[in-house]
Amino acid sequence: MRGIPRLLQDHGLAWLEVDAFDPVALATVRSAGAIPICSGENLYTNRAFRPFFEAGAMDVASVDVIWNGFHQAKKIADLAETFEVNCAPHNYYSHLATYISAQWCAAIPNVRMLEVDVDDVPWREELTTSVPRIDEGVLAIPAGPGWGVEVNEEILREHPWPA
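Treat the numbers as computed from the prediction; the structure is a model and nothing was measured. (Residues numbered from 1 in each chain as written. Predicted model: local features only at pLDDT ≥ 70, side-chain atom pairs only at ≥ 80, totals over all residues. Heavy atoms only, no water.)

> How should I be thinking about the overall build of the protein chain in this particular structure?
Looking only at helices and strands, the protein chain features seven helices and six strands. Projected onto the principal axes, the alpha-carbon positions of the protein chain cover approximately 50 × 40 × 30 Å. With 163 residues in all, the protein chain has 39% of them scored as buried. Carbon and sulfur atoms make up 54% of the accessible area of the protein chain, which amounts to about 9,300 Å² in all. Charged side chains in the protein chain number 11 positive and 23 negative. The centres of these two groups are separated by 9 Å. (Helix = DSSP H or I, 4+ residues; strand = E, 2+ residues; numbered from the N terminus. Buried < 20%, exposed > 50% of the residue type's maximum accessible area, 1.4 Å probe, protein only. Areas by Shrake-Rupley, 256 points an atom, 1.4 Å probe, with all protein chains shown as cover. Lys, Arg positive; Asp, Glu negative; His and termini not counted. Charge placed at Lys NZ, Arg CZ, Asp CG, Glu CD.)

In structure tokens, the structure reads:
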């Protein structure tokens, strides 16, 4: 794994995403090349992220805002900022999750970029009252109450989760 960052560093990648549970091993990968390392989508709470920040294991913290919850995700971003680590929400869910992640990005000073899932169920556009619009790489943060969007519960009933 140590040679991969060196092999990829000249290809213009924003980062190399490496999901690891050993902060020292990830720090070794990070030190092996000039490409930024992003990790953390499988970590929960600021206590899980702390050893990675202390080891200097990542350049970008991939924070799962939905699974951590908005408040805990904000605490993770605050901790990351003290270690001068940028954050990007791990967001491969629905438009509602994209809007929640966008609100989180607006609330933290160390956001790097917002991940958006482009491959989903065909009825995804009907699930919320608004669909995220990205113009020249910028997503407008909804100004409505709450997350800025409502869930279409009729569509949810038409597509129940398998029991």
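> How should the packing of aromatic side chains be read in this particular structure?
Working definition: an aromatic ring pair is given by the centre-to-centre distance plus the angle between the planes. Scanning all chains against the criterion turns up four aromatic pairs. The rings of Phe49, Phe53 and Phe83 are connected pair by pair, giving a single aromatic cluster. (Phe/Tyr/Trp six-rings, centres within 6.5 Å; stacked < 30°, edge-to-face > 60°.)

> Even after reading the chapter, I still don't get helix α5 (residues 70-82), so can you show me in this structure?
In this model α5 runs 19 Å from its N-terminal to its C-terminal C-alpha over 13 residues, within 8% of the 18 Å that 1.5 Å per residue would give. Within the span of α5, buried status applies to Gln72, Ala73, Ile76, Ala77, Leu79 and Ala80. The arc that holds every buried residue of α5, seen down its axis, measures 160°, which confines them to one face. For α5, exposure combined with an orientation more than 90 degrees from the buried face picks out His71 and Thr82. (Expected span 1.5 Å × (residues − 1). Arc of directions from axis to C-beta.)

> Teacher, can you tell me more about the pattern of salt bridges here?
Oppositely charged side chains are able to pair whenever their charged atoms sit close together. Applying the stated criterion across every chain, the model contains four salt bridges. For aspartate 59, the salt bridge identified is with arginine 30, shortest N-O distance 2.6 Å. Of this pair, aspartate 59 sits in the loop between α3 (46-54) and β3 (60-63) while arginine 30 is found in helix α2 (residues 23-31), placing the two residues 29 residues apart along the sequence. A relative accessible area of 28% places arginine 30 in the partly exposed class. (Salt bridge = Lys/Arg side-chain N within 4 Å of Asp/Glu carboxyl O.)

> Just checking my understanding: could you explain the layout of surface pockets for this structure?
Computed from the structure, the largest pocket encloses a volume of approximately 380 Å³. Forming the boundary of the largest pocket are 18 residues, of which Ser94, Trp123, Leu127, Leu156 and Trp161 lie nearest the centre. The element that contributes the greatest number of residues to the lining of the largest pocket is helix α6 (residues 95-107), accounting for three residues. When the residues that make up the lining of the largest pocket are grouped by side-chain class, the tally is 13 nonpolar, three polar and two charged. Roughly 230 Å³ of internal volume is contained in the second largest pocket. What lines the second largest pocket is Ala102, Cys105, Val111, Arg112, Met113, Leu114, Val116, Ile134, Gly137, Val138, Leu139 and Ile141. For the lining of the second largest pocket, the secondary structure elements donating two or more residues are α6 and β6 (138-139). Of the residues belonging to the lining of the second largest pocket, the class tally is ten nonpolar, one polar and one charged. (1 Å grid on protein atoms, 1.4 Å probe; cavity = no way out; pocket = protein on both sides within 12 Å on 5 of 7 lines; lining within 4 Å. Points joined across faces, edges and corners; volume = space filled by probe spheres on them. Nonpolar A, V, L, I, M, F, W, Y, C, P; charged D, E, K, R; others polar.)

> Just to check I follow, could you spell out the nonpolar core for this structure?
What tends to happen in soluble globular proteins is that the nonpolar side chains get buried as a cluster. By size, the foremost hydrophobic cluster in this structure holds 27 residues, and its most contacted members are Phe49, Phe53, Met58, Ala61, Val63, Cys87 and Trp104. With five residues, the single largest contributor to this core is α5. Among all residues touching alanine 61, those that are not within four sequence positions of it are Ser39, Phe49, Phe53, Val85, Asn86, Cys87 and Ala88. (Core = buried A, V, L, I, M, F, W, Y, C linked by side-chain atoms within 4.5 Å. Contact = heavy atoms within 4.5 Å.)

> I'm lost on the side chain of threonine 128 in this one. Help?
In this structure, threonine 128 sits in the loop between α6 and β5 (134-135). Apart from the residues within four sequence positions on either side, threonine 128 is in contact with His95, Leu96, Val149, Glu150, Val151 and Asn152.

> So what exactly am I meant to see when it comes to the packing of α5 against α6 here?
Axis angle and axis distance: for two packed helices, these are the angle between their axes and the distance between the axes, and together they describe the pair. Relative to each other, α5 and α6 sit at 35°, their axes nearing to 11 Å. As α5 runs across α6, the sense of the crossing is right-handed. Contacts between α5 and α6 involve Phe70, Ala73, Lys74 and Ala77 on the former and, on the latter, Ile100, Gln103, Trp104 and Ala107. For the contact of α5 with α6, a count of residues per class yields six nonpolar, one polar and one charged. (Axes fitted to C-alpha atoms, helices over the stretch in contact; angles between N-to-C directions. Left-handed = near helix turned anticlockwise from the far one by under 90°.)

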